[in-house]
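# Coordinate analysis (summary)
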Amino acid sequence: MKTAIIIGSGFGALSLGIRLQADNWNVKIFEKNQAPGGHAQQFKKNGYTFDMGPSLITAPDILKSIFIKAGKDLNDYVSLVPLDPFYRVYFHDKSFIDYTGDSQRMINQMKNFNPQDADNYNKFIDKSKEIYKAVIEDGLGSTAFNNLGIMLKFIPRATKLNALLPAYSVASKYFEDFRHRFMFSFHPLFIGGNPFKVPSVYLMISYLEKAGGVWYTIGGMYSLVQAFVSVFKELGGELYTNSEVNEIPVKDGKAIGIISNDKFYEADIVISNADVTRTYSILKSKDESYRNGNVSGKYSMSAFLMFLGVKKKYPELLHHTIILSHRYKELVTDIFDRHILPDDFSMYVHVPSKTDPSMAPEGCDSIYILVPVTNLQAGVDWDKEKTTYGDKIINFLENNFGLEDFKNNIDFIDYFTPKDFLLQRNSAFGTPWGLEPVLTQTAYFRQHNQSKKIKNLFFVGAGTHPGAGLPGVMLSAEATEKLIKKYH
Ligand SMILES: Cc1cc2nc3c(=O)[nH]c(=O)nc-3n(C[C@H](O)[C@H](O)[C@H](O)COP(=O)(O)OP(=O)(O)OC[C@H]3O[C@@H](n4cnc5c(N)ncnc54)[C@H](O)[C@@H]3O)c2cc1C
């Protein structure tokens, strides 16, 4: 049996670990932190449970395919619950849309804001479906773009689908009302993309959600991490936690293993699920050119997270709620390009206890707030800023948004800032999404799933093709597995 070492234990790593174990590799995963799961950590306090990263499950078929590969059934490991609506989006004037996969309910709501837009809903969804077909059904998402030929083959089809134009401009061709322009262009933000810049290939997420639904797992996202870890171990995989990889020794052009906790572990292939910049910095070889990876690009946004135990239930908040500032393009530009922390913000609020009472004490809610913010290139001192910034958000929710007596009902608040992404997860510039998925950093132009110079060094996860998000990193595992098979 050949040995594969994976650095990091995010969903990309766990998916590939399962795939390779099923292919008869001996897989060892090394994770720097105490618990596996990467950004999908969970913590408990005073009877409240919080997922700290991903919270929306989409594309359940991609999830299931990993379990099928292992000869297992996902339903034996987790209880998946469909959510309807997927989320509620509040606009700055307090009008809202309950975003759902039910076309008629979407059309009925949209008619209130702009009847012509409502008429165009189905046309937009058809467009999103065509892109989805190319990326998911025809396998572009799970095919490594490591040679220009694959990219050149895709370009005529992508051009025909308008998939290379910016997402917002394509959505604007179908919709007039600012609410609809937001609703049908914001999905790239889920994967760290600026809707005004990323190619509209990411608009396929609208159809991906519609076709597969939005789901929750009882016990929270971490129950999914536990399911992946269980399957990985049942197949014979080994997981080493508290085991940061500090070196990847390279000899005669090959990665010969890794060094962790001062010990050398030999491997036939090494796969990095860690941040790409970090991976290149730990490559050790006399040939310094090996360290010169594709790490000088433009980095994505970061996130400011708050976890609140709240002793009251607020009907205004659904399981997933998005609350928007009056500014869209300008706010996104502040975050991605101007690198400033403006006075206004938009936020995503996750209240899993709305669906799953086990997540909070009776009569209470566990509330997770995610505010997209600029990454550490802005030089914000988050240790100093976090409580002031957090207070601003709480004040907004009570005084402007209207959560009655919110402050007095908060049991406790914990924070997680861009600095924590850097220190705890090794995310360059504190961005969990890696390089921004603009056209020049997408597909062939993103970090390839296999190193160009060190042929037995592979990549999996958000930093490589096709990109961030659970479906993205699980597809990256499939793409990398194909390359490993070819190499081997
Ligand atoms: C706040 C937030 C909310 C999100 N919401 C959603 C959502 O709702 N739905 C969705 O689909 N996606 C969401 N995402 C995106 C999704 O969570 C990520 O894209 C995905 O989890 C990344 O997986 P990955 O495989 O790239 O690994 P990561 O999760 O990036 O894990 C990499 C791991 O490598 C470890 N590591 C780094 N360096 C080393 C080293 N030298 N040695 C050992 N270990 C190392 C890190 O500690 C980490 O555990 C969200 C992300 C964040 C941050």
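Residues numbered from 1 in each chain as written. Predicted model: local features only at pLDDT ≥ 70, side-chain atom pairs only at ≥ 80, totals over all residues. Heavy atoms only, no water.

### Thoughts on a nonpolar patch on the surface
Residues Leu 148, Leu 152, Ile 155, Leu 164, Leu 439 and Phe 445 make up a contiguous nonpolar surface patch of roughly 460 Å² in combined accessible area. Summarising the element assignment, Phe 445 is placed in the loop between helix H13 (418–425) and strand E21 (457–459). (Patch = residues over 30% accessible without salt bridge, like charges linked within 9 Å, V, L, I, M, F, W, Y side chains within 5 Å. Areas by Shrake-Rupley, 256 points an atom, 1.4 Å probe, with all protein chains shown as cover. Salt bridge = Lys/Arg side-chain N within 4 Å of Asp/Glu carboxyl O. Helix = DSSP H or I, 4+ residues; strand = E, 2+ residues; numbered from the N terminus.)

### With respect to the domain arrangement of the protein
The assigned domain composition of the protein is domain 1 (3–76 + 221–294 + 439–487), domain 2 (84–213) and domain 3 (301–425). Domain 2 and domain 3 are separated by 25 Å when their C-alpha centres are compared. Every contact between the two is made by 22 residues of domain 2 and, on the other side, 16 residues of domain 3. Both faces combined, the contact of domain 2 with domain 3 buries some 1,700 Å², and carbon together with sulfur accounts for 70% of it. Of all residues in domain 2, Arg 88, Tyr 90 and Phe 196 give up the largest surface area on contact with domain 3, accounting jointly for 34% of the area buried on that side. There are one salt bridge connecting domain 2 and domain 3. The salt bridge involving Asp 337 is made with Lys 197; its shortest N-O contact spans 2.8 Å. Where domain 2 touches domain 3, the interface holds eight residue pairs in polar contact (both at pLDDT 80 or more). (Domains from an automatic or database assignment. Contact = heavy atoms within 4.5 Å. Buried area = accessible area lost by both parts, 1.4 Å probe. Polar contact = N/O pair within 3.5 Å; in protein donor to acceptor, adjacent residues only side chain to side chain.)

### Description of the packing of aromatic side chains
Applying the stated criterion across every chain yields a total of 50 aromatic pairs. Ring centres of Phe 458 and Tyr 487 lie 5.8 Å apart, and the angle between their planes is 75°; on these two criteria the pair is classed as edge-to-face. With a gap of 29 residues between them, Phe 458 in strand E21 and Tyr 487 in helix H14 (residues 470–487) connect regions that are remote in the sequence. A relative accessible area of 0% places Phe 458 in the buried class. Positioned above the aromatic ring of Phe 96 is the side chain of Arg 88, whose terminal nitrogen or guanidinium carbon lies 3.8 Å from the ring centre. (Phe/Tyr/Trp six-rings, centres within 6.5 Å; stacked < 30°, edge-to-face > 60°. Buried < 20%, exposed > 50% of the residue type's maximum accessible area, 1.4 Å probe, protein only. Lys NZ or Arg CZ within 6 Å of the ring centre and 35° of its normal.)

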